[in-house]
Amino acid sequence: MMKAQALLFAFTLAAPAVAQIKVDVTDETTAELVIAVPVMPTPQAASTAAGTTDVLGHQVAEVVAADLRGSGLFKPLGPSGVSSIPFAEVTAPAFDRWTGSGAAALVQGFVRSNPDGGITVGCYLYDVALKSELTRAGYVVQPSDWRRAAHKCADAIYSRLSGETPFFDSRVAYIAETGPKENRTKRLAIMDSDGANHRFLTNGQNIVLTPRFSPDYKSIVYLSYVNKRPRIYVYSLGTGQQRLVTEGGAAAFAPRWSRDGKTILYSMSEAGNTDIYAIAASGGQPRRLTHAPGINVGGSFSPDGSKIVFESDRSGAQQLYVMNADGSDQQRISFGGGRYATPEWSPRGDLIAFTKIAGNFRIAVMTPGGQGERVLTNSWQDEAPTWSPNGRVIQFFRTTQGRSGKSSLWQVDLTGVNERRLPTPADGSDPTWGPLLP
């Protein structure tokens, strides 16, 4: 893991008299900002456990450029195809080199080997037109964590130019699917936010569904069909062990963590009714939160933990409701055409993402009060939204038409314009996007 005190250089902001460059994450008409990202040089090529520092300099720049490109806000130039820079130029850019490239911003940095076997990754952002430094950061990591340093560099750039909190240095869990549609093998898997460092956590002997990271990244809660019986388990990422959350005769599903990680919500079917329950993450006696006839499913806490959004068909069709965390004051918030499912409260608290079912399945958002409904995607079957740590991007899974029914992971930002597919070694469904890594 990256050291908690990894920031080497003071976070600085230039303050010239004229306006600096910036990007608007909420404006769908804004053109991508051109940003140059040359290879990050090294003062002296040295061997590390992850390769030589000169090779790492190229790889770090590639990850930074890919992160910025994937956000939909930037058009990176480089690292391939642009001029290399000498080490001495990292902190003293030759701005004339870049003025004719069309780049408004410039990212330069370095990779240096340390005597203890670690590496230092430096990251600098410049305004090309104003010939000024906008921000700088440095990270001391083990060589195996070079990708994290690259993501942190991209996060610093994204935050400085957008004014938003970052999201690149985070992880995704999902269900990896293989085999024919009528007999799918479903395994729990995790990866970095860009698809790197992928690994499977379960062997596929039992079907697993709907994973969710704990807020501290130490555990994943999910549904598993052990002996063909749906129950809720928590998987420890540290030990690889799983434990049963609650024992009972009824089928339990759709688990969700509270924001502080102390409570798990889940749904349970009993006597022809499905209701939402809450239980301490450490175990104990569950509390029933809903009592309305029908199917009450899901549950996602507001950022302050005071309210829960969920879906219910108590009115005759799937709709969205909000209640207090103790189950009181249940109010319907969706009143548009079609059905509403899989709600997820934004970490910013301003929006709720959900699956809109009206012919096709599409990803949409509305305010917690039910206003401002906006559909963001328009494919045949998009469902199960999960938010980026900064509440500006939504990840979901998309299933194709036909007998093959291939599923894959996608992202869309709040403009609905910037969509991209995440690379996975197998088909993917049920994603969950964790918070920024500690």
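Residues numbered from 1 in each chain as written. Predicted model: local features only at pLDDT ≥ 70, side-chain atom pairs only at ≥ 80, totals over all residues. Heavy atoms only, no water.

**Student:** Any chance you could explain the layout of surface pockets here in plain terms?
**Tutor:** Once rolled over the atoms, a probe with the size of a water molecule shows which space is left empty. The space that makes up the largest pocket amounts to roughly 580 Å³. Lining the largest pocket are 28 residues, with Leu209, Thr210, Glu383, Phe397 and Asp430 sitting closest to its centre. Among the elements of the structure, strand 11 (208–213), strand 15 (251–257), strand 19 (296–301), strand 23 (339–345), strand 27 (382–387), strand 28 (393–399) and strand 31 (427–436) are those that each provide at least two residues to the lining of the largest pocket. Grouping the amino acids of the lining of the largest pocket by side-chain chemistry returns nine nonpolar, 10 polar and nine charged. (1 Å grid on protein atoms, 1.4 Å probe; cavity = no way out; pocket = protein on both sides within 12 Å on 5 of 7 lines; lining within 4 Å. Points joined across faces, edges and corners; volume = space filled by probe spheres on them. Helix = DSSP H or I, 4+ residues; strand = E, 2+ residues; numbered from the N terminus. Nonpolar A, V, L, I, M, F, W, Y, C, P; charged D, E, K, R; others polar.)

**Student:** Looking at this structure, how should I read the nonpolar core?
**Tutor:** If you look at soluble globular proteins, the nonpolar side chains tend to sit buried side by side. Counting residues in hydrophobic clusters, the biggest one holds 50 residues, and the most contacted among them are Ile35, Val64, Phe74, Val107, Ile157 and Leu161. Top element by residues in this core is helix 3 (residues 146–162). It accounts for nine residues. For Ile35, the contacting residues outside a window of four places in its chain are Leu68, Phe74, Lys75, Pro76, Leu77, Ala103, Ala105, Leu106, Val107, Leu125, Ile157 and Leu161. (Core = buried A, V, L, I, M, F, W, Y, C linked by side-chain atoms within 4.5 Å. Buried < 20%, exposed > 50% of the residue type's maximum accessible area, 1.4 Å probe, protein only. Contact = heavy atoms within 4.5 Å.)

**Student:** Where do I start with the sheet that holds strand 6 (residues 119–127) in this structure?
**Tutor:** With mixed pairing, five strands are arranged side by side in an open sheet as 4-1-5-6-7. Single-partner strands in this sheet number two, and they are strand 4 (74–77) and strand 7 (132–141). On average, adjacent strands in this sheet sit at an angle of 20° to one another, irrespective of strand direction. Those strands touched by helix 1 (residues 53–70) are strand 1 (33–36), strand 4, strand 5 (105–113) and strand 6, and its axis lies near 145° from that of strand 5. (Pairing = 2+ DSSP bridges. Axes fitted to C-alpha atoms, helices over the stretch in contact; angles between N-to-C directions.)

**Student:** I'm lost on helix 3 in this one. Help?
**Tutor:** Within an α-helix, residues lying three or four positions from one another point in the same direction, as the helix has 3.6 residues per turn. Under the 1.5 Å per step criterion, the end-to-end length of helix 3 is 24 Å for 17 residues, consistent within 8% with the ideal 24 Å. In terms of residue burial, helix 3 counts as a mostly covered element, since 15 of its 17 residues are buried. (Expected span 1.5 Å × (residues − 1).)

**Student:** Explanation requested: the packing of helix 1 against helix 3 in the structure shown.
**Tutor:** Helix packing for two helices is described by the angle between their axes and how far apart those axes are. Where helix 1 contacts helix 3, the two axes come as close as 9 Å, and the packing angle between them is 45°. Classified by the interaxial angle, the pair formed by helix 1 and helix 3 is oblique. As for how helix 1 packs across helix 3, the hand of that crossing is right-handed. Contact residues: Leu56, Gln59, Val60, Val63, Val64, Asp67 and Leu68 in helix 1; Trp146, Arg147, Ala150, His151, Cys153, Ala154 and Ile157 in helix 3. For the contact of helix 1 with helix 3, the residue count by class is 10 nonpolar, two polar and two charged. (Parallel < 35°, antiparallel > 145°, perpendicular 65-115°, else oblique. Left-handed = near helix turned anticlockwise from the far one by under 90°.)

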